[in-house]
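Residue-level structural notes
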Amino acid sequence: MTMKDIARALGISVATVSRALRNSPRISPDRRALIQQYAREHHFVPNAIAESLRYSKVMPMKVIGVIVPELAHYYFSTVLAGVEEEARTHGYRIMVAQSNEKYEQEADICRSFYENKVCGIIVSQAKDTTHYEHFQRLMDNGVPIVFYDRICTGVNASRVVVDDYQGAFTAVNYLIETGCKKIAFYGSPMTLEISKNRYNGYKDALLKHGIAIDNTLTRFCDNRQDAEIITPELLKMDNRPDGFFAVNDDTAIGIMYAAKRMGFQVPQEISICGFTNGQRAIACDPMLTTIEQRGKQVGMEAADILIGKVEGRIPKEKVERRIVKTRLVVRGTTRDTSKQ
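Residues numbered from 1 in each chain as written. Predicted model: local features only at pLDDT ≥ 70, side-chain atom pairs only at ≥ 80, totals over all residues. Heavy atoms only, no water.

A look at the overall build of the protein
For the record, the criterion: The way it works is that DSSP assigns letters per residue, a run of H or I at least four long becomes a helix, a run of E at least two long becomes a strand, and they are numbered from the N terminus. We call two residues in contact whenever any of their non-hydrogen atoms come within 4.5 Å of each other. Where accessible areas are quoted, they stem from the Shrake-Rupley method and a 1.4 Å probe; at the residue level, only the protein chains shown are allowed to cover. For the charge count, each Lys or Arg is scored as positive and each Asp or Glu as negative, with His and the chain ends excluded. The atoms used to mark charge sites are NZ of Lys, CZ of Arg, CG of Asp and CD of Glu.
Check the secondary structure of the protein and you find 12 helices and 12 strands. A principal-axis box enclosing the C-alpha atoms of the protein has dimensions of 85 × 40 × 30 Å. When contacts within the protein are restricted to residue pairs at least 6 apart in sequence, those whose partners lie at least 24 apart make up 71%. Taken as a whole, the protein presents about 16,100 Å² of accessible surface, with 50% of it coming from carbon and sulfur. Here the protein contributes 46 positively and 40 negatively charged side chains, and the mean placements of these two sets differ by 6 Å.

Take a look at the structure:
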């Protein structure tokens, strides 16, 4: 939506629209109210940079907006490092904001980025985002979007993800090959594609080995605090799990310390595998077996796609889908296959 669109719809001049949106007294109060209401209803956002440059020959800087769910999360910080490195190589800078896993905050950030006229946005959606009109509106207004990690299936946009399915399959397959018979799954809400893909990898690894799916071993848990609360419940079961696959390293570490406090030996009695391979994976005792996500590579790929769209190397309408391979990093929370 531009001022030209508003002028055309209301049968008035662009100059009249511009004055009304700036509350000029040259436009009658009734007409100003009509124009402003129409602009609000059609989500018109003024181009702040264009306004500031109207009487200047200075060109705006090349800026990419990046939205992360949590800045403190190791994986997202490595993605950010990859985006920044690739952007700097091509002469771009980044503007970073965190959604704190909240839909409303994510939508506000999108509006703010648009108002500041970033050339494109790289985003991992918040956990509770179930409405996608803020993303679609940006794309409709010509702002390219690239999703990473948590992709949005509600809009047809480019994306970069790790091979979540294969990573989970590899992890659970390894747990089984090292002697685990009952493996619990701790994951994020199934509204997220990464959760669905990792659960499917977990499930298919069990089926490959003829192990029945036991829904009592599945928990929606993706942080250490909840893992330390939930894990004792499972370990008190008569037919308790002897292995755990967690959606991230923090959750896996929570499982480990809960098990150790209950007197279980890791990995002799309980095997655990996480998903990230962050710094905490080597700061715990024993060190954590985990799936490496290669976040920096994800960030570099996302920035490469976005810059390609901005500079015309990749058509804006083309949907790029890239998958970054994962790998299993074996450490002390799982048994050694050579001893099986």
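A few points about helix α11 (residues 249-261)
As a reminder of what qualifies: Working rule for helices: expected span equals 1.5 Å times residues minus one. For the purposes of these results, a polar contact is taken to be a pair of N or O atoms within 3.5 Å, where, inside protein, one atom must be able to donate a hydrogen and its partner to accept one; residues adjacent in sequence count only when each atom of the pair is a side-chain atom.
Between its first and last C-alpha, α11 extends 18 Å over 13 residues, near the 18 Å set by a 1.5 Å rise per residue. In this structure, the buried side of α11 is in contact with β6 (183-187), α10 (224-235), β8 (243-246), β9 (271-276) and β10 (289-292). In this structure N248 caps α11, since a side-chain oxygen of it lies 3.4 Å from the backbone nitrogen of D250. G263, located one to two residues past α11, shows a positive phi value of around 95°.

With respect to the sheet that holds strand β1 (residues 63-68)
So the rule is basically this: Two strands pair under a simple rule: DSSP has to find at least two bridges between them. Only the stretch in contact is used when a helix axis is fitted, and all axes are lines through C-alpha atoms; the angle between N-to-C directions ranges over 0 to 180 degrees.
A sheet is described by the order of its strands in space; here 6 strands give the open sequence β2-β1-β3-β4-β5-β11, paired in parallel fashion. The two strands at the open ends of the sheet, each matched to only one other strand, are β2 (93-98) and β11 (321-324). Across the sheet, the mean angle separating the axes of adjacent strands is 15° when strand polarity is ignored. With 3 bridges connecting them, strand β4 (residues 145-148) and strand β5 (residues 158-162) associate as parallel partners. Following the sheet pairing, V146 is matched in β5 by S158. With respect to the sheet, helix α6 (residues 103-115) is in contact with β1, β2 and β3 (120-123), its orientation differing from that of β1 by roughly 175°.

Here's the deal with the side chain of K182
Within the secondary structure layout, K182 lies in the loop between α8 (164-177) and β6. In contact with K182, not counting residues within four places along its chain, are D214, L217, N239, R240, P241, D242 and G243.

Topic: the pattern of salt bridges
Applicable threshold: A side-chain nitrogen of Lys or Arg and a carboxyl oxygen of Asp or Glu constitute a salt bridge if their distance falls within 4 Å. Relative accessibility decides the category of a residue: with a 1.4 Å probe and only protein chains considered, values under 20% of the type maximum give buried, values over 50% give exposed, and everything between is partly exposed.
All told, the structure shown has 19 salt bridges when counted by the stated rule. The partner of D5 in a salt bridge is R8, with the nearest N and O atoms 3.2 Å apart. Of this pair, D5 and R8 both sit in helix α1 (residues 3-10), separated by 3 residues, roughly a single helical turn. R8 gets classed as exposed once you look at its relative accessible area, which sits at 60%. If you follow the salt bridges from partner to partner, you end up with E301, D304, K318, E320 and R322 in one network.

Side note on the sheet that holds β10
Taking strand neighbours across the sheet as the criterion, the 6 strands line up as β7-β6-β8-β9-β10-β12 in an open arrangement whose pairing is mixed. At either end of the open sheet lies a strand with only one pairing partner, and these are β7 (218-220) and β12 (327-329). Neighbour-to-neighbour, the strand axes of this sheet turn through a mean angle of 20°, independent of strand direction. Across the sheet, helix α9 (residues 193-208) touches β6, β7, β8 and β9, and the angle it forms with β6 is around 175°.

What about the confidence of the model for the protein?
Counted only if it meets this: Each residue gets a pLDDT score, which is the predictor's confidence in that residue and runs from 0 to 100.
Confidence along the protein averages 91 in pLDDT terms, with 94% of residues attaining 70 or more. When the elements of the protein are averaged for pLDDT, helix α4 (residues 48-53) gives the smallest value, 50, and β8 the largest, 98. Note on residues 52-60: pLDDT under 50 across the span, and 5 contacts to partners over four residues away in sequence or across chains.

Things to note about the packing of aromatic side chains
For the record, the criterion: Two rings from Phe, Tyr or Trp (for Trp, the six-membered ring) form a pair when their centres are within 6.5 Å of each other. A pair whose planes differ by under 30 degrees is stacked, one over 60 is edge-to-face, and the rest are tilted. To sit over a ring, a charge needs its Lys NZ or Arg CZ within 6 Å of the ring centre and within 35 degrees of the ring normal.
Counted by the stated rule, this structure contains 10 aromatic pairs. Taken together, a centroid distance of 6.3 Å and an interplanar angle of 75° make the contact between F76 and Y148 edge-to-face. Residue F76 is found in helix α5 (residues 74-89), and its partner Y148 is found in strand β4; the two are separated by 72 residues along the sequence. The exposure class of Y148 is buried, given its relative accessible area of 0%. Seen in terms of ring centroids, Y186 and F244 are 5.7 Å apart; in terms of plane orientation they differ by 85°. Their pairing is edge-to-face. One end of the pair, Y186, is in strand β6; the other, F244, is in strand β8, with 58 residues separating them in the sequence. Classification of Y186 by relative accessible area gives buried; the value is 0%. Using a relative accessible area of 0% as the deciding quantity, one classes F244 as buried. In this structure, K117 is placed above the aromatic ring of Y114, and the distance from its NZ or CZ to the ring centre is 3.8 Å. Above the face of the F275 ring, R198 is positioned so that its terminal group lies 3.8 Å from the ring centre.

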